Amino acid sequence: MPYITVLRRYLHPCISHGYSNNDYRNNFDEERYVMALRKPFVAGNWKMNNLVGESLALVEALKPLVAGVAAVDMAVCPAYTSLHAVGKALAGTNIQLGAQNAYVKESGAYTGEISPKMLLDVGCAWTIIGHSERRHILGEADAFLNEKLRFSLACGLKVMFCIGELLEERKDGKMESVLERQVVKGLEGMTAADLDNVVIAYEPVWAIGTGETATPDQAEEVHVFVRNLIDKSFGADAASKMRIQYGGSVKPENASDLISRENVDGFLVGGAALKADSFAAIINACA
Ligand code: 13P
């Protein structure tokens, strides 16, 4: 990552609180400085792809390509059927395991569902909640996603919470109201401390799987908007610490430009995460 980006990312809380240079020097607080560091986080959402053998081949190819990367948090999110095997293959590595969804009960008569406890059992640290494919294809609504998010956190999973507008919503000038609704309703009833285990993934629906990526300016604009929403509801500290990933046709070719923006804190990658070399190149662009 370019030095200037690192500097801006570290200094963000001081800048965002409107301190002048002198105020900044006089008020410099090392603990706050360190607390505000947002380590980039890159996760691969494999969606409904890869049989167990293919999943294992993919992580075995990935491991050596990112073994030396300490400056980026990274995770892969295979389909449920591959989680156990991939979890074992990742033990002791710097790659974390995530699921793509989780239900709101610990166990019981919920045919077809998977509980956070089961995901933790096979080595998951993370789950994705609120992916646009679950919102729009499976019809999951804000209140249900809020329930899922809170239950996953209560069980000890960390959550990548996805938000994003449809193309028509952007064209009709509704983008901000849609994103605000998704953030406010999605995080309802939570505290600033809960947010320590949450990452927000901004994934404009029109950019997912289409090859059409948001420009760095478009991503930065939305990430600033989302960070301000967090500030309004949870305070400046929570806002400055919140990692906001971008997702939607991220590739090795566009990752460097996107991550160079101050408020882009990593990626949630679909298609390009299904090849070890392209996923590793995206991770390395953030290091
Ligand atoms: P693509 O990277 O394939 O556009 O998918 C993005 C995504 O939906 C990740 O969750």
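Residues numbered from 1 in each chain as written. Predicted model: local features only at pLDDT ≥ 70, side-chain atom pairs only at ≥ 80, totals over all residues.

Asker: Tell me about the overall build of the chain, and name the residues and values.
Answerer: Broken down by element type, the chain carries 14 helices and eight strands. The buried share among the 287 residues of the chain stands at 41%. Sequence-distant contacts, at least 24 apart, represent 73% of the contacts inside the chain between residues at least 6 apart. (Helix = DSSP H or I, 4+ residues; strand = E, 2+ residues; numbered from the N terminus. Buried ≥ 20, exposed ≤ 12 C-beta atoms within 10 Å, placed from the backbone. Contact = placed C-beta atoms within 7 Å.)

Asker: Run through unusual backbone geometry, naming residues and quoting values.
Answerer: Of note in the backbone geometry, Asn50 takes a positive phi value of approximately 80 degrees without being a glycine. Positive phi is not limited to glycine here, since Ser249 has a value of about 55 degrees. You can see Ser249 is positioned in the loop between strand S7 (244–246) and helix H13 (252–259). Under the C-beta neighbour-count criterion, Ser249 is labelled buried, with 20 such atoms within 10 Å.

Asker: Provide a residue-level description of the nonpolar core, including the pertinent values.
Answerer: Val42, Met160, Ile200 and Ile282 are the most contacted members of the largest nonpolar core, which totals 74 residues. Not counting chain neighbours up to four residues away, the residues in contact with Ile282 comprise Val42, Val250, Pro252, Ala255, Phe267, Val269 and Ala272. (Core = buried A, V, L, I, M, F, W, Y, C linked by C-beta atoms within 7 Å.)

Asker: Please provide a residue-by-residue account of helix H4 (residues 52–66), values included.
Answerer: Each α-helix turn comprises 3.6 residues. Residues three or four places apart therefore point the same way. With 15 residues, H4 extends 21 Å between its outermost C-alpha atoms, agreeing within 8% with the 21 Å of an ideal straight helix rising 1.5 Å per residue. All of the buried residues along H4 are Ser55, Leu58, Val59, Leu62 and Val66. In a view along the axis of H4, the buried residues occupy a sector of 95 degrees, so they form one face of it. With respect to the buried face of H4, the exposed residues turned more than 90 degrees away are Gly53, Glu60 and Pro64. Contacts made by the buried residues of H4 are with strand S2 (73–77), helix H5 (80–90), strand S3 (95–99) and helix H14 (276–285). (Expected span 1.5 Å × (residues − 1). Arc of directions from axis to C-beta.)

Asker: Run through H14, naming residues and quoting values.
Answerer: Residues Phe279, Ala280, Ile282, Ile283 and Ala285 constitute the buried set of H14. Elements that come into contact with the buried residues of H14 comprise strand S1 (41–45), H4, S2, H13 and strand S8 (266–269).

Asker: Which residues make up the packing of H4 against H5, and what values go with them?
Answerer: The contact between H4 and H5 brings their axes to 9 Å, and the two run at 30 degrees. One finds that H4 runs roughly parallel with respect to H5. Handedness of the crossing formed by H4 with H5: right-handed. Note on element contacts: H5 touches H4 through Thr81, Ser82, Ala85, Val86, Ala89 and Leu90, opposite Val52, Ser55, Leu56, Val59 and Glu60. Classifying every residue of the contact of H4 with H5 by side-chain character gives seven nonpolar, three polar and one charged. (Axes fitted to C-alpha atoms, helices over the stretch in contact; angles between N-to-C directions. Parallel < 35°, antiparallel > 145°, perpendicular 65-115°, else oblique. Left-handed = near helix turned anticlockwise from the far one by under 90°. Nonpolar A, V, L, I, M, F, W, Y, C, P; charged D, E, K, R; others polar.)

Asker: Describe the confidence of the model for the chain, listing the residues and the values that go with them.
Answerer: Across the chain, the average pLDDT comes to 91, with 87% of residues at 70 or higher. Within the model, pLDDT remains below 50 along residues 12–36, and this stretch shows 18 contacts once partners closer than five positions in the same chain are excluded. (pLDDT = per-residue confidence, 0-100.)

Asker: Can you break down the pairing of S1 residue by residue, with the values?
Answerer: Each regular strand carries side chains that alternate between the two faces of the sheet. In terms of burial, S1 is a largely internal element, five of the five residues being buried. Residues Phe41, Ala43 and Asn45 line one face of S1 and the alternating positions Val42 and Gly44 line the opposite face, and both faces are buried. Taken together, S1, H4 and S2 form a β-α-β motif whose crossover is right-handed. Pairing between S1 and S8: four bridges, direction parallel. Note on S8: the bridge partner recorded for Phe41 is Gly266. (Right-handed = clockwise from strand over helix to strand, strands pointing away. Pairing = 2+ DSSP bridges.)

Asker: Requested: an account of the pairing of S3, with residues and values cited.
Answerer: Summarising burial for S3: four of the five residues are buried, a large majority. Pairing geometry for S2 and S3, over three bridges, is parallel. For Met74, the partnering residue across the bridge sits in S3 and is Ile95. The parallel pair S2 and S3 is bridged by H5, and the resulting crossover is right-handed. For S3 and strand S4 (residues 126–129), the ladder comprises two bridges, and the chain directions are parallel. Opposite Gly98, over in S4, you have Trp126 as the bridge partner.

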